[in-house]
Structure formats: structure tokens, C-alpha cells
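The residues making up each chain are set out below.
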Amino acid sequence: MHSVKRERTSAKAREERRRREAGKIVEYKALVDKVLTSRKNQNYTPDALSLTTTLLKQNPEYYTIWNYRREILTSIFLAQPAETIQSHIDNELQFLFARLMEFPKCYWIWNHRKWCLETSPSPPWKYELGLVTKMLERDARNFHGWHYRRYVVQGTEQATGKSLVRPEFDYTTTKIKANFSNFSAWHNRTKLIPRLLKEEPDIDARNFLDNEVNLITQAIYTDPDDQSVWLYHRWLITSDDIVKLSSDERKDLLNKEIKSIQELLDVEPDSKWCLQSLAFYKCLLASLAGKAVESSVVGYLDKLQDIDPMRKKRYEDWKVQL
Amino acid sequence: MFALDRHASFFQHSLRLLPYHYTQTDTTRLALVFFCVSGLDLLGYLPVGDRQCSSKSKITKLDVEHWKEWVYSTCLLPTRDAFRCSPATAVPRSSASSSSSSHFDQFDYDAGHTAGTYFALCTLIILRDDLSRLDRVGMMRWLRKCQRQDGSFAAGLLRSKHNGAGAALSDDDDDNCEQKFGERDLRFGYCAAAARWLIGGDILARKKIVAADIAFDSAFEYIASCISFDGGIAMSPYAEAHAGGTYCGVGALCLLSQRKISTVLADAVVGDLVKWSLMQQVYAELDPESGSEDEIHSEPTSFSSSESPLRSPVVDRPAGFSGRTNKPPDTCYSFWAGGTLAMLELPVTSSSSSSSSSSSSSSSSSSTGSLRLLDIRANIMFLLTQTQNTMIGGFSKVAGTHPDIMHSYLGIAALAMCAETIRQNGGPESFVKADTELDTIASILPLQPLDGALCLSTSALQYAQELRSKWENE
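Being a predicted model, the structure only gives us computed values, none of them experimental. (Residues numbered from 1 in each chain as written. Chains lettered and ligands numbered in written order. Predicted model: local features only at pLDDT ≥ 70, side-chain atom pairs only at ≥ 80, totals over all residues. Heavy atoms only, no water.)

### Considering the overall build of chain A
Logical step 1: Each helix and strand in chain A was counted, giving 15 helices and zero strands.
Logical step 2: Expected size for 322 residues packed as a compact globule is a radius of gyration near 20 Å; at 28 Å, chain A overshoots this value by more than 25%.
Logical step 3: Seen along its three principal axes, the alpha-carbon backbone of chain A occupies a region of about 75 × 75 × 30 Å.
Logical step 4: A burial count over chain A gives 48% of its 322 residues as buried.
Logical step 5: Carbon and sulfur atoms make up 52% of the accessible area of chain A, which amounts to about 16,100 Å² in all.
Logical step 6: The centroid of the 51 positive side-chain charges in chain A is displaced by 7 Å from the centroid of its 45 negative side-chain charges. (Helix = DSSP H or I, 4+ residues; strand = E, 2+ residues; numbered from the N terminus. Rg over C-alpha atoms; globule rule 2.2 N^0.38 Å. Buried < 20%, exposed > 50% of the residue type's maximum accessible area, 1.4 Å probe, protein only. Areas by Shrake-Rupley, 256 points an atom, 1.4 Å probe, with all protein chains shown as cover. Lys, Arg positive; Asp, Glu negative; His and termini not counted. Charge placed at Lys NZ, Arg CZ, Asp CG, Glu CD.)

Right under this line is the structure:
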């Protein structure tokens, strides 16, 4: 009985909503017609600009309308002094900021912002870096934000002639020290380190690597359940992008890390990441040394099948391949 | 239980009318049509081909013709060499202006779109259209023009107003090139690779009917430049590894290499991709995150679930796929990660390898690649109990939100791959923890098998292969 009652109400509610929506759709379509007719008639006036504002507020994904908006602005900017243009651009940036608050992942909004920077007589790079930093505070995983950050960094570097790789690297350090479980910061670090080492040849790469390993070890001991720290550790230990190690140096490093992780495992015997990493590094060590894989690895994989049952078949496969 | 008929109903209703909040996806309407049509195909509701159609289907052959015509209405005329992504961008031209030589006067915004072209071609193939109305040679040329110097593909091309139809656009420096537009990421490389295969572009190039093929070396280099430190592939260089980016990268490589991935990817890289994809399977949380900022504004929908699977012991919990490290599971990633696994085979050493058949052979089965390595049961449970909407049909992104077309289709596509993996690996009995689960797991078996690389049914794939044979012998 109860469910029948619910059915009736929701059918009625659905019909209500349908009617409201039909109205909204008719309104939207009328607005679109108006805007497209305006463009067809080559209307590049401030009124036309307002029309696009209304439409873009409703549907920022309609990229054709952004194109029209840029045509209008370009027309308005013709033969205008720099201050007038800058003032218009500043208004655009304000408008876009509000749009981004509502739609932080809409490509066309970020794209129009770039156009504003490129059209601006005096692009506010510093302000933009501050803005994108704030956006990334709201959502550190928003890749539109990260793209835009790289764009702003590049723009600033071109404008000032100075590389920003060191400040950007320090920014990731700040993020990491605030919270070790910050995948975006670790990820960006992997992109910045090779460039940093290239631009600052005075840095002793091996020393740098050792410092990074110390940092990540702290992170692992603090947050042994976080995936991102283990992935970063693996990259540090195995990558050639930081410093090219000789086979012996690589083996020494692996042995050192295996010992370190073993110590952690003693304290956290059910740590999936400890077990997985030990298994991986011991296999790698074996292949580098041209020896058979240590028998302890089988034990790790057996244990992993119990504590990480989702990936049971993967561990089974791995065992067979030993 | 899988609510097959509800989902068919959801797709059919969607094809007729969409609620207002879909205005934001208006510019990708062709994607929505593809999702609905292909969804209906997987559910066995389309009266196409020689396969038995569901007796509950009210779709007629007239509907099928109507849908084909609708797709063709988005084709660029008179060139017939590309499709728009939506009728919304078929904007009227502004009259030729007098003296200004600005960028806006040279180009026409009524542009072809790589993703739109891929969706259109797939939809037409599913509906058994033979593509004879298209200028396939022109389309191959158009696809080549979309490729940038760095190997990536553009979302689309703005047509030059002043040049005549079919006039060759110059190969400008990609950074200043005004003809190419849109986002710069792997999605369009995948769409271009798929479109090229569907129109037999490789055949045209081999037979020198078209002057050249797309640039393979730079395409591969671009994909390689998107590989991230953790072994997955990002949407673009510098970005985080992403299940969607990984699918697009692997899919493009698969289709460009004629499904011989081992010729273009080293075993170690394949291994990393499989491991990365498997790593994305994560347990659903007890309090799932409410929809992220890009969720279409919607009301939460109540759907019945007799007993919450989240109260079971951890090892029995549902587990979907996340799109990136440290993110919660979302319906669509069951397809993106699953599809990647379907296309990749680890070097066979064990006796536990599946009896997966070569993907280019029979229509009744499909290659499931490394799908057997994931926790199929937990994945199915996630989709059926967390994001399936049994009241109005469809699937939502995460639990407690409204179903939408994309997640509905990709959820079903993921289940279709799971169904095939079950069929090839001992049947539903091998995948349940208790007999009480047998009906639930088996309820997905009526789904048509899906080709992971192209994301359409294997019967549609077979039709595409028949067309290619015909073109090969012309």
C-alpha cells in the first residue's frame, strides 16, 4: 500500500516538473534564436554582449557563443586606447570568476580567460597565479586548474624572463608538508624535478635524490595507508629521470629501501603497501642481480591475496610468473 | 537484479525528450544519441541485424530510419566529410563582411567535430547504415587535417568561408593554426583513430586512394608523452594519470595497430597499464561523497535496496572503479578501466588465462583481455546496488544522485564486458560468494557482448568488419 501511494505522488510530481521544464526549454530556445540572429545580423554592440552574457550564464558549454562574444569584444576594442581595453578585460575577468565558481570544470570558461590574458594590454599574471592557487585550494584535483596554473606560470616566465621552476617546486613542498596525502602535489613534483635539476646544474643530483627519499620515508611512516606516497616512492627508487644510477648504486638503494620498509612492516604487519612494495622491489633486485627471487616474496603474495582480495587474481598471476 | 527493461525505457524516453538540465550537454547531443542507441543495442531492443530483438521492444524499423536521418542531419554539407557534435553548432553564417580581414571573417563556426564524427559513425553502424552517403575519402583527409604537429588531434576544424568545398587547408604551425579548435587532449586522438577504422581509412591509405594516412609516429609520441609516473596515462602531458585518458590512449594504439598492441607497446608498459587499471578498483565508502561540482543539478532519487551491501564484511563489499588515485568510485570508470583491461593481455605464462578468442573473429564472443584479473563480482555489485536506478532506469555517477545518460550507458557497457568475462570463465557459479547471489550475477547475462576497443556491440562490430571487407575488395 505504502509503495503504491508513493508511486501516485511521484507521477504527479513528475508531471509538474515536466511542465515547468517545458517552459524553461522554450525560453532557452528563444534566447538561443535571439543570440544567433543577432550574430547573423553582425550585431557587435554592447546590447549583443549582454545577450551573450545571459545565455552563457545558463549554458557556458555552448562554445559558439563564446566565439561570438569574442567577436563583439574585438569589435568594441577596435581603435580604443589601452586603458579602455584593459577596463573591459578586467570586467571580463570578473564575469569569468563568477562563472568559474559555478562551473570550475568548464573548458570554455578557462579558455576565454586565456583569451582575456592574451588580449590584455597588461596581463595581471600575479593576480592570476593567486586566483588559480585559490581555485586549487578549493579542489586540488581539478586538472583544469592545474592546466591554467601551468599557463600562468609560462606567461609569467615569458613576461619576466625568469624561470619559476624553483618557486613552483617549493609550492609543492609546502603542500606536502601540510598534508602528506596530497597526490596532486607529489604528481607535480615528478614533473618539476627533472626540469629543476636541468636548470640548476649546481645541485648534486644524488644528494637531491637522497633528500627526497628521506622526505618520502617520513611520509610513508606517517601515512602508510596512502597510495600516493608509495607511488612516489616507487618512482624515486626506480626512475632514471632524477639521476642515472649505476647497477650497483641501484642495487644498494633497493637494499636500503627494502630494509626500511621491512622495519615498517614489522610494526604494521597487515600493510598492503608494505607487502606489495617489498614484493616488487625484491623482484626488481633479483632481476638486476641476475638471481632467483627471494622466497619471502611468495609469502608476501599469499598474504596479499588475503588482505587485498580484490586483486587476488593479479597476485595469483604474479606468483606463477616468479 | 539488473533492471534491463527499465533501462531500455530510460533510453527510449531520453531519445524523445530531455529535461532542462541537459542544456549543458546540448553541444554534445550526438554523444547522447549514441549512448541511447548503443545502450538499446546492448539491451537487445533494436530491430537491426539478424539477431532476435526483445519482444518487449516497441522500437520499429521506422524509428531506426528516423534516427539514421537525424544523425545525417548533423553531417556537414556539401562536403559530407565530417559530422558536428550537435545541431546546436549549425549556426547560420554571418553575411560576408566588407573589408575586415579578422580571423572571425575567414572561418565559419559551423564546424566538424572529431568526437561528433566518431559518435555519428558508431550510431550509423549500429543502425546498419552502409555509410555510402559519406565522402569517406574526404573524411580521411579531414581527419588528417585535425592532427597537430605534436601528434595530438583537435576537437574539430573551422571551415574556411572563402575557399570552396574540399579545398585543402594549409598545414600551419599547430600553435598558430586557426583552423583547429578546442581542447588539447587524448580524447580526440581516440575518436580520430576509431573514425579512421570505421570508414576504412587505413584501407584507403594503403590503396593510395587517399594521399597519406595520419602520422603514426607523432601520434604514438603524443600518447607516450601522456604516460604518468605511476604507470597510467593522463589526458594530456603533465596531467595526472586518468582512467579515461588511459582508455583513450590504449584504444587509439589498439585501433591504429589493427589490434596488435604488442607491436606498439612494450610488455613492461602493458604490465604497468594493467596494474594501474586494477589499482583503480576501490571499495565504495559508507558515506559516499555527494556529487562533485560538475554534477548536473538534480534531486537525489530514492531506489529500493533490500539490504545494504555496505554493512557486509569489507571483503564482500561492492567495489567500483575510480578515475584517478585517491578518488571515490564512479560508474563510468568501470567502463574506462574495464575497457582498457579488455584491450590488454599480459604476456601469457599462466594456465589461468581465459579462453578469450581473437577479437577479429566471431561475432558471438569478444576478447576480454585482462578483465578476468579484476574483482568481477564486486564490480557488478557496485553497479547494481550502488548506482543502478531501478525505478526510472539508468545509472548515476555515484550513489544517491540522479541517473544520467552517459553513466547509464557506460554502466551497462561495463556490465556487458563483465557478462562476457563470466561466460568465458566458468559461468556465474564461479563468481559468487553465496548461492543467494547467483540470480543477481546471472541477471546481467542477457546483455549483448561489447567490443571494448570501439565501445559498441560485437554484432555492430561484425557489420563494420563486413563493410571493411567490401571496401577492401572494391
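### Remarks on the packing of aromatic side chains
Logical step 1: Under the definition given, this model contains 31 aromatic pairs over all chains.
Logical step 2: Relative to Y151(A), the ring of W125(A) lies with its centre 5.8 Å away and its plane at 65°, an arrangement referred to as edge-to-face. Here W125(A) is found in helix α6 (residues 125-138), whereas its partner Y151(A) is found in helix α7 (residues 143-160), with 26 residues between them in sequence. Across this residue pair, the class does not change: W125(A) and Y151(A) are buried.
Logical step 3: Between the aromatic rings of F34(B) and Y409(B), the centroid separation amounts to 5.4 Å while the plane-to-plane angle is 70°, which identifies the pairing as edge-to-face. On the criterion of sequence distance, the pair formed by F34(B) in helix α2 (residues 29-42) and Y409(B) in helix α14 (residues 405-424) is long-range, its members being 375 residues apart.
Logical step 4: For F34(B), a relative accessible area of 1% puts it in the buried group.
Logical step 5: The aromatic ring of Y171(A) is capped on one face by R149(A), whose charged end is 3.9 Å from the ring centroid. (Phe/Tyr/Trp six-rings, centres within 6.5 Å; stacked < 30°, edge-to-face > 60°. Lys NZ or Arg CZ within 6 Å of the ring centre and 35° of its normal.)

### Here we look at the confidence of the model for chain B
Residues and elements named next belong to chain B.
Logical step 1: In this model, chain B carries an average pLDDT of 86, and 82% of its residues clear a pLDDT of 70 or more.
Logical step 2: Note on residues 287-308: pLDDT under 50 across the span, and 34 contacts to partners over four residues away in sequence or across chains.
Logical step 3: Interface predicted TM-score (ipTM) for the complex: 0.92; the corresponding pTM is 0.91. (pLDDT = per-residue confidence, 0-100. Contact = heavy atoms within 4.5 Å.)

### With respect to the pattern of salt bridges
Logical step 1: Evaluated as defined, the whole model comprises 42 salt bridges over all chains.
Logical step 2: With a shortest N-O distance of 3.2 Å, D210(A) and R206(A) are connected by a salt bridge. Residue D210(A) and its partner R206(A) are both found in helix α10 (residues 205-222); the two are separated by four residues, about one turn of the helix.
Logical step 3: With a relative accessible area of 26%, D210(A) lands in the partly exposed category.
Logical step 4: With a shortest N-O distance of 2.8 Å, R196(B) and D213(B) are connected by a salt bridge. Pair noted here: R196(B) is in helix α7 (residues 186-198) and D213(B) is in the loop between α8 (201-206) and α9 (216-225), with a separation of 17 residues, a long-range link.
Logical step 5: The exposure class of R196(B) is buried, given its relative accessible area of 3%.
Logical step 6: Beyond isolated ion pairs, a larger network of salt bridges with shared partners links R141(A), E240(B) and R324(B). (Salt bridge = Lys/Arg side-chain N within 4 Å of Asp/Glu carboxyl O.)

### As for a nonpolar patch on the surface
Residue and element names in this part refer to chain A.
Logical step 1: A grouping of V293, V298 and L322 is seen on the molecular surface, where their side chains present a nonpolar patch of about 200 Å² in accessible area.
Logical step 2: By the element assignment, V298 lies in helix α14 (residues 296-307).
Logical step 3: Judged by its relative accessible area of 35%, V298 falls in the partly exposed class. (Patch = residues over 30% accessible without salt bridge, like charges linked within 9 Å, V, L, I, M, F, W, Y side chains within 5 Å.)

### A look at the packing of helix α11 (residues 227-238) of chain A against helix α12 (residues 247-267) of chain A
Residues and elements named next belong to chain A.
Logical step 1: In the contact formed by α11 and α12, the axes pass within 10 Å of each other and the chain directions differ by 155°. In terms of their interaxial angle, α11 and α12 are classed as roughly antiparallel. On the side of α11, the interface is formed by W230, H233, L236, I237 and T238, while α12 contributes R250, L253, L254, E257, I261 and L264.
Logical step 2: Grouping the constituent residues of the contact of α11 with α12 by class yields seven nonpolar, two polar and two charged. (Axes fitted to C-alpha atoms, helices over the stretch in contact; angles between N-to-C directions. Parallel < 35°, antiparallel > 145°, perpendicular 65-115°, else oblique. Nonpolar A, V, L, I, M, F, W, Y, C, P; charged D, E, K, R; others polar.)

### Focus on the packing of α2(B) against helix α3 (residues 61-72) of chain B
Residues and elements named next belong to chain B.
Logical step 1: At a closest axis distance of 11 Å, the pairing of α2 and α3 adopts a crossing angle of 155°. The angle between α2 and α3 falls in the class roughly antiparallel. As α2 runs across α3, the sense of the crossing is left-handed. Of the residues in α3, those touching α2 at R29, L30, V33, V37 and L40 are W67, W70 and V71.
Logical step 2: When its residues are assigned to classes, the contact of α2 with α3 shows seven nonpolar, no polar and one charged. (Left-handed = near helix turned anticlockwise from the far one by under 90°.)

### Observations concerning helix α6 (residues 136-145) of chain B
Logical step 1: The element α6(B) is largely enclosed, with a buried count of eight among its ten residues.
Logical step 2: Those residues of α6(B) that fall on the buried side of the exposure criterion are R136(B), V137(B), G138(B), M139(B), M140(B), W142(B), L143(B) and K145(B).

### Description of the side chain of Q147(B)
Residue and element names in this part refer to chain B.
Logical step 1: Tracing the sequence through the fold places Q147 in the loop between α6 and β2 (156-160).
Logical step 2: Among the polar contacts made by the side chain of Q147, one reaches the main-chain amide nitrogen of A215 at a distance of 2.9 Å.
Logical step 3: If we skip the residues at most four places from it in the chain, Q147 touches S152, F153, K180, I214, A215, S218 and A219. (Polar contact = N/O pair within 3.5 Å; in protein donor to acceptor, adjacent residues only side chain to side chain.)

### Some thoughts on the interface of chain A and chain B
Logical step 1: Taken together, the contact pairs 55 residues of chain A with 58 residues of chain B.
Logical step 2: Each partner contributes to the roughly 5,700 Å² buried at the junction of chain A and chain B, and carbon and sulfur atoms together form 57% of this total.
Logical step 3: When the buried area of chain A at its contact with chain B is split by residue, Y63(A), R141(A) and M310(A) rank highest and sum to 13% of it.
Logical step 4: Counting the contacts that link chain A with chain B gives two salt bridges.
Logical step 5: Taking the shortest distance from any N to any O, the salt bridge between R372(B) and D317(A) comes out at 3.5 Å.
Logical step 6: For the pair chain A and chain B, the interface holds 17 residue pairs in polar contact (both at pLDDT 80 or more).
Logical step 7: When residues of the side of chain A that touches chain B are traced back to their parent elements, those giving at least two are α1 (2-40), α3 (63-77), α5 (107-119), α7, α9 (183-199), α11, α13 (272-289) and α15 (312-321) of chain A.
Logical step 8: The leading source of residues in the side of chain A that touches chain B is α1(A), at eleven residues. (Buried area = accessible area lost by both parts, 1.4 Å probe.)

### Re unusual backbone geometry
Logical step 1: Following L77(B), the chain continues to P78(B) via a peptide bond in cis, the omega torsion being 0°.
Logical step 2: Here Q42(A), not a glycine, exhibits a phi torsion of approximately 55°, which is positive.
Logical step 3: For L131(B), which is not a glycine, the phi torsion comes out positive at approximately 60°.
Logical step 4: For L131(B), the position within the fold is in the loop between α5 (114-126) and α6.

### What to know about the nonpolar core
Soluble, globular proteins show a tendency: their nonpolar side chains are buried together.
Logical step 1: In this structure, F2(B), F83(B), L131(B), Y409(B) and I444(B) are the most contacted members of the largest nonpolar core, which totals 187 residues.
Logical step 2: If we skip the residues at most four places from it in the chain, F2(B) touches H7(B), L43(B), L384(B), Q388(B), F395(B), I412(B), L415(B), S443(B), I444(B) and L447(B).
Logical step 3: The next biggest cluster of nonpolar side chains, apart from the first, holds 46 residues, and it includes L49(A), L93(A), F103(A) and Y20(B). (Core = buried A, V, L, I, M, F, W, Y, C linked by side-chain atoms within 4.5 Å.)

### A look at the side chain of S236(B)
Logical step 1: Mapping S236(B) onto the fold places it in the loop between α9 and α10 (243-256).
Logical step 2: Of note is the side chain of S236(B), whose polar atom sits 3.2 Å from the side chain of H147(A).
Logical step 3: Aside from chain neighbours lying at most four places away, what touches S236(B) is H147(A), R184(B), Y222(B) and C226(B).

### Regarding the environment of I233(B)
Logical step 1: Here I233(B) shows up in the loop between α9 and α10.
Logical step 2: In this structure, the C-alpha to C-alpha distance between I233(B) and L186(B), residues 47 residues apart in sequence, is 9.4 Å.

### Some points on helix α4 (residues 82-102) of chain A
Residues and elements named next belong to chain A.
Logical step 1: Between its first and last C-alpha, α4 extends 30 Å over 21 residues, near the 30 Å set by a 1.5 Å rise per residue.
Logical step 2: What α4 keeps buried is the set I85, Q86, I89, E92, L93, F95, L96, R99 and L100.
Logical step 3: On the buried face of α4, the contacting elements are α2 (46-58), α3, α5 and α6. (Expected span 1.5 Å × (residues − 1).)

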